[in-house]
Amino acid sequence: MKIRKAIIPAAGLGTRVLPASKSMPKEMLPIVDKPAIQYIVEECVAAGITEILIITGRGKNIIEDHFDYSIELENHLKNKGKTEMLTQVQHVAELANIQYIRQKKTLGLGHAVLCAKSFVGNEPFAVLYGDDVIIGDKPAIGELAEAYEQYGLGVCGVKKVAEKDISKYSSLKVELIKEHIFKVSDMIEKPGPDEVLSLYSILGRCVLPPKIFDILENTKPGAGGEIQLTDAMKELTYKESMIAVEYSGKRYDMGNKFGIMQAACEVALQHPEIKDDFKEYIKSLAASL
Ligand code: UTP
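These numbers come from a predicted model, not from an experiment.

## Let's talk about the packing of aromatic side chains
Any aromatic ring pair is given by two values, namely how distant the centres are and how the planes are angled relative to each other.
Argument step 1. One pass over the full model with this rule turns up three aromatic pairs.
Argument step 2. Consider the rings of Phe278 and Tyr281, whose centres lie 6.0 Å apart with planes at 40°: the pair is tilted. Separated by three residues within a single helix, Phe278 and Tyr281 lie in helix H11 (residues 275-287), roughly one turn from each other.
Argument step 3. You can call Phe278 buried: its relative accessible area is 18%.
Argument step 4. Sitting above the plane of the Phe119 ring, Lys5 keeps its charged end 5.3 Å from the centroid.
Argument step 5. When the ring centre of Tyr39 is taken as origin, the NZ or CZ atom of Lys34, which lies over that ring, is 4.4 Å away.

## A closer look at unusual backbone geometry
Argument step 1. Cis geometry marks the peptide bond from Leu18 to Pro19, where omega comes out at 5°.
Argument step 2. Tracing the sequence through the fold places Pro19 in the loop between strand S1 (5-9) and strand S2 (30-31).
Argument step 3. A positive phi angle, near 65°, is found at Val32, a position not held by glycine.

## What to know about the site of the ligand
Argument step 1. In the region of the ligand, 18 residues are neighbours, and Gly12, Gly14, Thr15, Glu27 and Gln103 sit closest.
Argument step 2. The separation between an oxygen atom of the ligand and a polar main-chain atom of Ala11 is 2.8 Å.
Argument step 3. The separation between an oxygen atom of the ligand and a polar side-chain atom of Glu27 is 2.6 Å.
Argument step 4. Taking 580 Å² as the accessible area of the ligand by itself, protein coverage stands at 85%.
Argument step 5. Residues of the shell around the ligand, tallied by class, amount to seven nonpolar, seven polar and four charged.

## Considerations on the pairing of strand S9 (residues 170-178)
Argument step 1. Judged from the eight bridges that link them, S9 and strand S10 (residues 181-189) form a sheet pairing that is antiparallel. Note on S10: the bridge partner recorded for Ser170 is Glu189.

## Here's the deal with the environment of Phe119
Argument step 1. Note that Phe119 resides in helix H6 (residues 117-120).
Argument step 2. Considered as a pair, Phe119 and Phe278 are 159 residues apart in the sequence and their alpha carbons are 43 Å apart.
Argument step 3. Not counting residues within four places of it along the chain, the set of residues in contact with Phe119 comprises Lys5, Ala6, Ile7, Glu51, Ile52, Leu53 and Gln99.

## Looking at the side chain of Gln103
Argument step 1. Within the element layout of this structure, Gln103 appears in the loop between strand S5 (97-102) and helix H5 (109-114).
Argument step 2. A polar contact of 3.3 Å, which involves the side chain of Gln103, links it to the backbone oxygen of Gly108.
Argument step 3. Residues contacting Gln103, with those up to four places away along its chain left out, are Ala11, Ile55, Thr56, Gly57, Gly108, His111, Ala112 and Cys115.

## Description of the packing of helix H3 (residues 71-79) against helix H4 (residues 83-94)
The relative placement of two packed helices comes down to the angle between their axes together with the axis-to-axis distance.
Argument step 1. In the contact formed by H3 and H4, the axes pass within 8 Å of each other and the chain directions differ by 160°. With respect to H4, the axis of H3 lies roughly antiparallel. Crossing angle aside, the handedness with which H3 passes H4 is left-handed. Contacts from Leu73, Glu74, Leu77 and Lys78 in H3 reach Met85, Leu86, Val89 and Gln90 in H4.
Argument step 2. Of the residues assigned to the contact of H3 with H4, the class counts are five nonpolar, one polar and two charged.

## Some remarks on the pattern of salt bridges
Argument step 1. Per the stated rule, a full pass over the model turns up 17 salt bridges.
Argument step 2. Asp132 is the partner of Arg251 in a salt bridge, and the nearest nitrogen-oxygen pair spans 2.9 Å. Of this pair, Arg251 sits in strand S13 (residues 250-253) while Asp132 sits in strand S7 (residues 132-135); the two residues are 119 residues apart in sequence, bridging distant segments of the chain.
Argument step 3. Under the relative-accessibility criterion, Asp132 is labelled buried at 3%.
Argument step 4. Note that Lys190 and Glu189 form a salt bridge whose closest N and O atoms lie 3.0 Å from each other.
Argument step 5. For Lys190, a relative accessible area of 41% gives the class partly exposed.
Argument step 6. Linked by salt bridges that have partners in common, Arg16, Lys26, Asp131, Asp132, Arg251 and Asp253 make up one network.

## Things to note about helix H1 (residues 36-46)
Argument step 1. Counting buried residues in H1 gives eight out of 11 residues, a clear majority hidden from the surface.
Argument step 2. Every buried residue belonging to H1 is among Ala36, Ile37, Gln38, Tyr39, Ile40, Val41, Glu43 and Cys44, and all of these are buried.
Argument step 3. Remark: Gly48 follows H1 within two positions and exhibits a positive phi of approximately 85°.

Procedures and definitions
Residues numbered from 1 in each chain as written. Predicted model: local features only at pLDDT ≥ 70, side-chain atom pairs only at ≥ 80, totals over all residues. Heavy atoms only, no water. Phe/Tyr/Trp six-rings, centres within 6.5 Å; stacked < 30°, edge-to-face > 60°. Helix = DSSP H or I, 4+ residues; strand = E, 2+ residues; numbered from the N terminus. Buried < 20%, exposed > 50% of the residue type's maximum accessible area, 1.4 Å probe, protein only. Lys NZ or Arg CZ within 6 Å of the ring centre and 35° of its normal. Near = heavy atom within 4 Å. Polar contact = N/O pair within 3.5 Å; in protein donor to acceptor, adjacent residues only side chain to side chain. Areas by Shrake-Rupley, 256 points an atom, 1.4 Å probe, with all protein chains shown as cover. Nonpolar A, V, L, I, M, F, W, Y, C, P; charged D, E, K, R; others polar. Pairing = 2+ DSSP bridges. Contact = heavy atoms within 4.5 Å. Axes fitted to C-alpha atoms, helices over the stretch in contact; angles between N-to-C directions. Parallel < 35°, antiparallel > 145°, perpendicular 65-115°, else oblique. Left-handed = near helix turned anticlockwise from the far one by under 90°. Salt bridge = Lys/Arg side-chain N within 4 Å of Asp/Glu carboxyl O.

So, to be careful, I would describe these as geometric facts and stop short of saying anything about function.
Following this line, the structure appears as structure tokens:
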């Protein structure tokens, strides 16, 4: 079944990037000149998914403003004859059909996904974590959607993480089906040293069947006292197994300081307006270290 709907949970408190995220949602932090969440919406659109629900919370209103028209700004650009910039600004408002819902209490990613139950209805849907930007030739969520269509099972997007970092993520028990595609038989969120199942971790993307909502309604708080999406996916895995896709793009974690800097540097080195100057700058900086 074709994936038509996506949800982007963006209600988290972003405590790892305070104080930047105190009044600015971390999902709105720019990578050079575009907020993180715009990359994510564009990834959906590139995969043919244009029905999008963004889960927001208190203090996140500027996400809605960003994807709306900005009449005063547009009139200004029109009057100044800045047509290219005008087109860019209007394009953001026309990218997709975006709706919003508030998660009133930040009870965890699993709870945020549950807030999307009535938007999703009875069809499979995509989840794109609002602070995980993936840049590549193919939209990562499209790679997962293809696997869902092929196998008819829930799909999670995975990458291998360094051994020293696995305790911060999830860990999956996987068996290779074919290149970059695995069958999942178990998973654990934030494993202790004796609980690591593999270094494959769910990073930022999944495609889920609607039965996940019944599971989420009964999922108790897990790691960190939060209702974890991984715990619900584990239950789904036990019921009917899941597929893992090692997506081809590069993932940037906009929820931590190092990820934000990696994204900024790597995108700046490709950016048509600044790449030459920035490359020179990086070279001279590196030489002075
Ligand atoms: P994270 O766990 O990375 O976000 O969730 P967080 O809770 O903001 O992180 P820290 O630890 O405080 O820095 C991944 C995605 O899920 C959203 C976040 O906004 C992020 O985009 N999320 C998380 C929600 O929408 N609601 C929640 O209750 C938790």
